Amino acid sequence: MMLSWDVPPRATGGTAAHVAGLASALTAAGHDVVVLTIADRPAELDATDPTGVRVLRTLVDMPWLPPAEIVARAASANHAVAKLGVRLHDELQGWEPDVVHAHDWRLGWAADTLAARYDVAFVLTMHGTERVRHGGQLPLGPPTDVNSIEWWLAFQADRMISPTRFIVEQLITGFELADDHVTHIPNGIDPELWRPADGLATPTGPRPPLVVSWGRVQYEKGF
């Protein structure tokens, strides 16, 4: 069971791409994957995933909350997603997860609840932290609140994953975690999508390797 606020096609950022790629790769490897996420509109509830992954969506319980109220909106969404996860056992003929894997803080409460409900491990991938997103500072207001939630989740999770050594270091030092609590697993790519065509060459010979990076030009991206 995977939980992520960002899942395509509703979201197209780095976390969404990672979740989609990981879920489809696990499915292709023979694992039975269910992804829980939110929907913005009722029409999205029955959307199908082209990769064959089962993606189950639910509306936020209190949709009148303005987008700026990120913590309150997240709390409402976690309630709805937790209910969705509990119902899976009956709706999918006794299906139960072997592990609950959440991505970032926004559905962490639901992930922690569902891991306890099914008595399985809770793994949390942190793609970044609120402190890092603000250049090492924590302005008063929502950033401070989110940092507190991230801190709590860091100790609730059985193990944590982060895709970069920089974020691993920030998690260990910022949340005072044991070194072995956080595992560095880089984001992967499908090499078939990036394999060059045969015979590509320049007038002076074979084309040299080309390195491409896509992301926001900010400090934590490492450009």
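First, a word on what this report is: a plain description of the structure on this page.

## Some details on helix H6 (residues 165–174)
Along an α-helix, residues three or four apart share an orientation, since each turn contains 3.6 residues.
Okay, step 1: Among the residues of H6, those classed as buried are Ile167, Val168, Leu171 and Ile172. For H6, the angular spread of the buried residues around the axis is 135 degrees, confining them to a single face. Residues Arg165 and Thr173 are exposed on H6 and point more than 90 degrees away from its buried face.
Okay, step 2: Against helix H4 (130–133), strand S6 (159–162) and strand S7 (182–184) lie the buried residues of H6.
Okay, step 3: Phi turns positive, to about 55 degrees, at Glu176, one or two residues after H6.

## Notes on the side chain of Asp112
Okay, step 1: Inspection of the secondary structure assignment puts Asp112 in helix H3 (residues 108–118).
Okay, step 2: Here Asp112 is buried and forms no salt bridge, its nearest opposite-charge partner Arg117 lying at an N-O distance of 14 Å.
Okay, step 3: Polar side-chain contacts of Asp112 include one of 3.1 Å to the side chain of Gln156.
Okay, step 4: Not counting the four nearest positions on each side in its chain, Asp112 is found in contact with Phe122, Trp152 and Gln156.

What counts, and where the lines are drawn
Residues numbered from 1 in each chain as written. Predicted model: local features only at pLDDT ≥ 70, side-chain atom pairs only at ≥ 80, totals over all residues. Heavy atoms only, no water. Buried < 20%, exposed > 50% of the residue type's maximum accessible area, 1.4 Å probe, protein only. Helix = DSSP H or I, 4+ residues; strand = E, 2+ residues; numbered from the N terminus. Arc of directions from axis to C-beta. Contact = heavy atoms within 4.5 Å. Lys, Arg positive; Asp, Glu negative; His and termini not counted. Salt bridge = Lys/Arg side-chain N within 4 Å of Asp/Glu carboxyl O. Polar contact = N/O pair within 3.5 Å; in protein donor to acceptor, adjacent residues only side chain to side chain.

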